[in-house]
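Structural overview for review
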Amino acid sequence: MPLSSQARFRMSAAVALGLSAVFILSIAASDIQNQIDNAPRVLPVLSNGNPAGYGTWRDFRDYGAPHYGGLGSMINPPLSDAEFKSHFLFGRDKIAEVLACLQFPKTAGRPANRDFAIRCDRHGNPIRWVGAETALLVFLKRLRTRGDAVIQLQSFFGRSEGWISLVFNAVVTFIAAVWVPIKIQRLDERVFNRFRLQDYAKCLWRNGLYIPHVVGFVDGTFHSICRPGGDGYNGTLQQAFYNASKKGHGLQFELITFPDGIIGRAFGPLAGRHHDLYVARKSGLRDLLRTGALKGFRLFGDKAYLGFRTWVLHPFVNALPGSLKAKWNTYTSSYRIEVEHDIGMLYMHACCLTSDMRLETQVPEDWFQAAVLIVNIHTCVYHGNQTS
């Protein structure tokens, strides 16, 4: 059956549109490949002169990507001190202190520049290694990079995205297994002893908060994640993590912060649908204030902690303008906001937390708590932050 002129016109238009789309996509792909190939290969040089903890360029031969060309161009030009700190959060002279804090395990019988295991076989035996400095720098750079800009790390380190993820996940797993249980998920009484807490109370008193025994601030924070889809679009999994107030899916953490900018505890995670008061009950905050490490001291909180009596100072609800309750709310609001500043500082330093992560393929709770540890180390190394 012969086609009409209108049908032939539509068919020719569709063919032309398809050919133009293929042409545009091929141009876009070639442009992206040219950008990757021509991007500067900058590998940071440490104080000892070795690029990113490697001894020689031969150490790269097992992980090189074919389209990155010569490896020697990766250290040209080197990063200045200001650029180094911007990329890795710490200055070049502070990397050794961070390594001393984290205490990466060393594999016996391996050279010092490649003694941190990043992959093991099914029996737990290491089969791939990198240097501790290299692992730390990859971890810090990934922590400082938003999720939608991970491809930039390939040209920055001259490595594939898989190798960068392998190193980063190895460091996160180590921190989550060794340091998070004793330094993040609970209040370390060896650090936050009675003498230190008394110094916090005196510090707040000297800064105009004339309420005795107040040592810190407590607040719940909602960490956003992607919509879980393991049991379907409208399954029970996504319902458990959906928070109607935040209008999104996420995890709930409870943070206790102190006047020096340290996050003393980041309890969690719990499903995002829960309220801050539910998280406080699960975390044992009442026992911590009554009989635990904070016995005899007080914290500042928001209206979610109305049932904690005098242990958690909170604003009054429905205070009349001009009343004593309204004056109390105004007087204490400038101090309660400090915990929000600390949370904002966490997301500012760890930019990767600002991008929603998938619950099925990533471990957002480990990323969050590892970022808390690194920010605490940053506060200690630099003797405070903008909120202390």
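This one's a predicted model, so the numbers in the text were calculated from it and none came from an experiment.

**What about the overall build of the protein chain?**
Helix and strand counts for the protein chain come out as 13 helices and eight strands. Expressed as a percentage of its 388 residues, the buried residues of the protein chain come to 46%. Summarising the internal contacts of the protein chain: among those between residues at least 6 apart in sequence, 65% fall at separations of at least 24.

**Thoughts on the side chain of Asp 342**
Here Asp 342 lies in helix H12 (residues 324–349). Of the side chains bearing the opposite charge, Arg 196 lies closest to the buried Asp 342, which forms no salt bridge; the N-O distance is 12 Å. A polar contact is formed between the side chain of Asp 342 and the side chain of Thr 257, at a distance of 3.3 Å. Non-local contacts of Asp 342, meaning those with residues more than four positions away in its chain, are made with Thr 257, Phe 258, Gly 261 and Thr 387.

**Overview of helix H13 (residues 364–381)**
An α-helix turns once per 3.6 residues; consequently, residues spaced three or four apart project the same way. With 18 residues, H13 ought to run about 26 Å at 1.5 Å a step, and its terminal C-alpha atoms sit 26 Å apart, in line with that. The buried fraction of H13 is high, at 15 of 18 residues. Note on H13: the residue one or two positions beyond its end, His 383, has a positive phi of about 55°.

**Remarks on the pattern of salt bridges**
If you walk through the whole model with that rule in mind, you get six salt bridges. The residue Arg 92 makes a salt bridge to Asp 81 at a minimum N-O spacing of 2.5 Å. Taken together, the positions of Arg 92 in the loop between helix H2 (81–88) and helix H3 (95–102) and Asp 81 in helix H2 put the pair 11 residues apart, joining distant regions of the chain. Residue classification places Asp 81 among the exposed residues on the basis of a relative accessible area of 54%. Where Arg 265 meets Glu 254, a salt bridge forms, and the shortest distance between an N and an O atom there is 2.6 Å. With Arg 265 in strand E6 (residues 263–271) and Glu 254 in strand E5 (residues 248–257), this residue pair connects regions lying 11 residues apart in the sequence.

**Re empty space enclosed by the protein**
Scanning the model with the defined rule gives one cavity of 30 Å³ or more in all. By volume, the largest cavity is sized at about 30 Å³. For the largest cavity, the full set of lining residues is Gly 261, Ile 263, Asp 342, Met 345, Val 375, Asn 376 and Asn 385. Broken down by secondary-structure element, the contributors of at least two residues to the lining of the largest cavity are H12 and H13. Taken together, the residues of the lining of the largest cavity break down into three nonpolar, three polar and one charged.

**Here's the deal with the packing of aromatic side chains**
Per the counting criterion, the structure on display carries 18 aromatic pairs. On the basis of an interplanar angle of 15° and a centroid distance of 4.9 Å, the ring pair of Tyr 200 and Phe 258 is categorised as stacked. Separated by 58 residues along the polypeptide, Tyr 200 in helix H8 (residues 194–206) and Phe 258 in the loop between E5 and E6 bring together distant segments of the chain. For the pair formed by Tyr 200 and Phe 258, the shared burial category is buried.

**Considerations on the layout of surface pockets**
The space that makes up the largest pocket amounts to roughly 340 Å³. Forming the walls of the largest pocket are 17 residues, and the residues nearest its centre are Lys 183, Leu 373, Asn 376, Ile 377 and Cys 380. Counting residues per element, the ones that place at least two in the lining of the largest pocket are H3, helix H7 (180–184), E6 and H13. Among the elements that line the lining of the largest pocket, the one with the most residues is H13, at four residues.

**Focus on the nonpolar core**
Of all hydrophobic cores here, the largest spans 63 residues; its most connected members are Phe 90, Leu 102, Phe 104, Phe 139, Ile 175, Leu 353 and Ile 374. Not counting chain neighbours up to four residues away, the residues in contact with Ile 374 comprise Leu 89, Phe 90, Leu 102, Phe 139, Leu 140 and Leu 143. One finds Ala 201, Phe 258, Leu 285 and Val 312 within the second-largest nonpolar core, a separate group that totals 22 residues.

**Structural notes on the confidence of the model for the protein chain**
Looking at the protein chain as a whole, the pLDDT averages 78, with 79% of positions reaching at least 70. Ranking the helices and strands of the protein chain by mean pLDDT puts H13 first, with 94, and helix H1 (residues 5–38) last, with 44. Contacts from residues 13–76, a stretch scored under 50 in pLDDT, to residues over four places away or in other chains number 90 contacts.

**What to know about a nonpolar patch on the surface**
Judged by side-chain polarity, Trp 205, Tyr 210 and Tyr 331 come together as a nonpolar surface patch covering roughly 340 Å² of accessible area. A residue is classified by how much of its surface remains accessible, and Tyr 210, at 53% relative accessible area, is exposed.

**What about the packing of H2 against helix H4 (residues 132–143)?**
Interhelical geometry of H2 versus H4 gives an angle of 75° and a closest axis separation of 7 Å. Relative to H4, the element H2 lies roughly perpendicular. Residues Phe 84, His 87 and Phe 88 of H2 pack against Leu 137, Leu 140 and Lys 141 of H4. Its residues placed into classes, the contact of H2 with H4 shows four nonpolar, one polar and one charged.

Each value, and the rule that gives it
Residues numbered from 1 in each chain as written. Predicted model: local features only at pLDDT ≥ 70, side-chain atom pairs only at ≥ 80, totals over all residues. Heavy atoms only, no water. Helix = DSSP H or I, 4+ residues; strand = E, 2+ residues; numbered from the N terminus. Buried < 20%, exposed > 50% of the residue type's maximum accessible area, 1.4 Å probe, protein only. Contact = heavy atoms within 4.5 Å. Lys, Arg positive; Asp, Glu negative; His and termini not counted. Salt bridge = Lys/Arg side-chain N within 4 Å of Asp/Glu carboxyl O. Polar contact = N/O pair within 3.5 Å; in protein donor to acceptor, adjacent residues only side chain to side chain. Expected span 1.5 Å × (residues − 1). 1 Å grid on protein atoms, 1.4 Å probe; cavity = no way out; pocket = protein on both sides within 12 Å on 5 of 7 lines; lining within 4 Å. Points joined across faces, edges and corners; volume = space filled by probe spheres on them. Nonpolar A, V, L, I, M, F, W, Y, C, P; charged D, E, K, R; others polar. Phe/Tyr/Trp six-rings, centres within 6.5 Å; stacked < 30°, edge-to-face > 60°. Core = buried A, V, L, I, M, F, W, Y, C linked by side-chain atoms within 4.5 Å. pLDDT = per-residue confidence, 0-100. Patch = residues over 30% accessible without salt bridge, like charges linked within 9 Å, V, L, I, M, F, W, Y side chains within 5 Å. Areas by Shrake-Rupley, 256 points an atom, 1.4 Å probe, with all protein chains shown as cover. Axes fitted to C-alpha atoms, helices over the stretch in contact; angles between N-to-C directions. Parallel < 35°, antiparallel > 145°, perpendicular 65-115°, else oblique.

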